[in-house]
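Remarks on the overall topology
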Amino acid sequence: MSWLPEVASNLASKVDGVLWFITIISLIFFIIISTFLIYFAIKYRRRGDDEETPYITGNLTLELIWTVIPSILLMVIFVYGFVVFKDMRTPPKEATEINVVAKQWLWQFEYYNGKKTLNELYVQQNRPVKMVMRSDDVLHSFFVPAFRVKQDLMGGRYTQLWFTPTKVGTFQLFCAEYCGTGHSKMLGKVIVLSPEAYDRWEKGEEEEEGVASLSPAERGEQIYANSGCNACHSLDGSKLVGPTFKGLIGGESELEDGEIITADENYVRESILEPQGKTVKGYPPVMPSFKGILSDNDISALIAYMKTLN
Ligand code: HEC
Ligand SMILES: [Cu+2]
């Protein structure tokens, strides 16, 4: 049915099955009950001031019917729901693990081979994956509608989730737990690759192809949008959680201790890798470090992009 999100994981049609089952039962009972309600309201309406209603003490048969039938139905709904729930909570042993860290306001993924990505989760078609998830700060929630999976992430405790993507393509990842100013921008993508394309991605070939076709500034723009900088830094001079990138390079920044520095390439690089080293006056020290997440190439591309914003 097209009014539900696309079905793109092994779990999606099972969840939809339970949803439709409950919806259809509810619909049938809604129709039966409303029909009787309207019919009786008309048939047994009071016709005159002196009309007296009969005194009825109960009807055992009727009461048995409307107790036993709903009880059986509720048990069926419970068992059906539980079977699917158990399946969703039990990752298969062969599932590949991916570590997920959520923080205000980005998603960080780490793969079994040490590879890391930001806001883009790469998975292979028809291979089960298990997300081992935690939060670095407040509650977040990992939600991919096309896979019908949603799970909260917490600080100091791991939560998990699994699915097998069944369709090649790009699917929207949302944070589904209000987590502060940048919540609505805490978006990510799940990129499902065919086994061959995944192989190439794992070896890093995909990335290099991409690099060759874009200028550093263009790549920097992509990193700005995909790595979560846009949740905190504007391009138009307005103040968000952090200072704007407009006119940043070559401009002056006043630091927390009152020192005025001229922002050059090294300052920007340091700000990205060790944001708590020199913090800008008037802003909270909330920027996450991108050490180990953004490569030197990525940082150079970001700097090239910032230079176009002056
Ligand atoms: C959670 C919000 C947040 C995110 C995400 C974030 N920053 Fe920041 N950033 C800040 C804040 C707040 C400051 C000011 C305080 C400080 O210097 O740490 C800042 C400061 C900076 C500065 C110094 C700015 C100046 O005016 O001197 C640079 C450069 C910077 N960030 C780059 C980046 C880049 C590049 C990214 C993405 C890869 C990024 N930031 C992601 C919040 C964020
Ligand atoms: Cu969030």
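Structure first, text after, so check above.
Here we summarise the structure given alongside this text. (Residues numbered from 1 in each chain as written. Chains lettered and ligands numbered in written order. Predicted model: local features only at pLDDT ≥ 70, side-chain atom pairs only at ≥ 80, totals over all residues. Heavy atoms only, no water.)

1. Some remarks on the overall build of the chain
Applicable threshold: Helix and strand labels come from DSSP, where a helix needs a run of H or I of at least four residues and a strand needs a run of E of at least two; each type is numbered from the N terminus. With C-alpha atoms as the basis for the radius of gyration, the globule rule is written as 2.2 Å multiplied by the number of residues raised to the power 0.38. Here's how the labels work: a residue is buried when its accessible area is under 20% of the maximum for its type, exposed when over 50%, partly exposed in between, all with a 1.4 Å probe on protein chains only. What makes two residues a contact is simply this: any of their non-hydrogen atoms within 4.5 Å. For the area figures, the Shrake-Rupley method with a 1.4 Å probe applies, and any residue is considered shielded solely by the protein chains shown. Two residue types count as positive, namely Lys and Arg, and two as negative, namely Asp and Glu; His and chain ends fall outside the count. The location of each charge is read from NZ of Lys, CZ of Arg, CG of Asp or CD of Glu.
Within the chain one finds 7 helices and 12 strands. In terms of C-alpha radius of gyration, the chain reaches 28 Å, well past the compact-globule figure of 19 Å for 310 residues. Principal-axis analysis of the C-alpha atoms gives the chain an extent of 95 × 50 × 35 Å. Looking at the chain as a whole, 38% of its 310 residues qualify as buried. Counting only contacts in the chain whose residues sit at least 6 apart along the sequence, the fraction spanning at least 24 positions is 63%. Of the accessible surface of the chain, which amounts to about 18200 Å², a share of 59% is contributed by carbon and sulfur atoms. Taking the average place of the 30 positive charges on the side chains of the chain and the average place of its 38 negative ones, the gap between the two points comes to 5 Å.

2. Section: a negative patch on the surface
Applicable threshold: The patches reported here contain residues having more than 30% relative accessible area and no salt bridge. Joining distances are 9 Å for like charges and 5 Å for nonpolar side chains (Val, Leu, Ile, Met, Phe, Trp, Tyr). One side-chain nitrogen of Lys or Arg within 4 Å of one carboxyl oxygen of Asp or Glu is enough to make a salt bridge.
On the surface, Asp 49, Asp 50, Glu 51 and Glu 52 cluster together into a negatively charged patch. Within the fold, Asp 49 resides in the loop between helix H1 (12–43) and helix H2 (60–89). The exposed category is assigned to Asp 49, whose relative accessible area is 76%.

3. Topic: the packing of aromatic side chains
The way to describe two aromatic rings as a pair is by their centre distance and the angle between their planes. Put simply, the rule is: Two rings belonging to Phe, Tyr or Trp (six-membered ring only in the last case) form a pair when the distance between their centres is within 6.5 Å. Interplanar angles under 30 degrees mark stacking, angles over 60 mark edge-to-face geometry, and anything in between is tilted. Any Lys NZ or Arg CZ found within 6 Å of a ring centre and within 35 degrees of that ring's normal is scored as a charge over the ring.
Applying the stated criterion across every chain yields a total of 15 aromatic pairs. Seen in terms of ring centroids, Phe 143 and Phe 174 are 6.3 Å apart; in terms of plane orientation they differ by 35°. Their pairing is tilted. One end of the pair, Phe 143, is in strand E6 (residues 140–144); the other, Phe 174, is in strand E9 (residues 169–175), with 31 residues separating them in the sequence. Linked through ring pairs, Phe 36, Tyr 39, Phe 40 and Tyr 44 together constitute an aromatic cluster. Between Lys 115 and the ring centre of Trp 201, over which it is positioned, the NZ or CZ distance is 4.8 Å.

4. Considerations on the site of ligand 1
Quick note on the threshold: Here, proximity means that at least one heavy atom of the residue falls within 4 Å of the molecule or strand. In protein, a polar contact requires one atom able to donate a hydrogen and another able to accept it; more generally it is a pair of N or O atoms within 3.5 Å, and residues adjacent in sequence count only if both atoms are side-chain atoms. The nonpolar class holds Ala, Val, Leu, Ile, Met, Phe, Trp, Tyr, Cys and Pro. Asp, Glu, Lys and Arg form the charged class, and all remaining residues, Gly among them, are polar.
Taken together, 29 residues lie near ligand 1, and Cys 229, Cys 232, His 233, Tyr 267 and Met 287 sit nearest. Side-chain polar atom of Ser 253 to an oxygen atom of ligand 1: 2.9 Å apart, as the coordinates give it. Pro 275 places a polar main-chain atom, nitrogen or oxygen, 3.3 Å from an oxygen atom of ligand 1. Elements supplying a minimum of two residues to the shell around ligand 1: helix H6 (265–273) and helix H7 (296–307). Looking at the shell around ligand 1 element by element, the count peaks at 4 residues for H6. The residue inventory of the shell around ligand 1, partitioned by class, reads 21 nonpolar, 7 polar and 1 charged.

5. Description of the pattern of salt bridges
Scanning the model with the defined rule gives 13 salt bridges in all. A salt bridge links Glu 254 to Lys 281; the nearest nitrogen and oxygen atoms lie 4.0 Å apart. A residue pair is termed long-range when its members are at least 10 positions apart, and Glu 254 in strand E11 (residues 252–254) and Lys 281 in the loop between H6 and H7 qualify at 27 residues. Of the charged contacts in the structure, one is a salt bridge between Asp 296 and Arg 269, with a shortest N-O distance of 2.9 Å. Of the two residues, Asp 296 sits in helix H7 while Arg 269 sits in helix H6, which places them 27 residues apart along the sequence. Each of Lys 103, Arg 134 and Asp 136 takes part in one network of salt bridges that share partners.

Function cannot be read off these values alone, since they describe shape.
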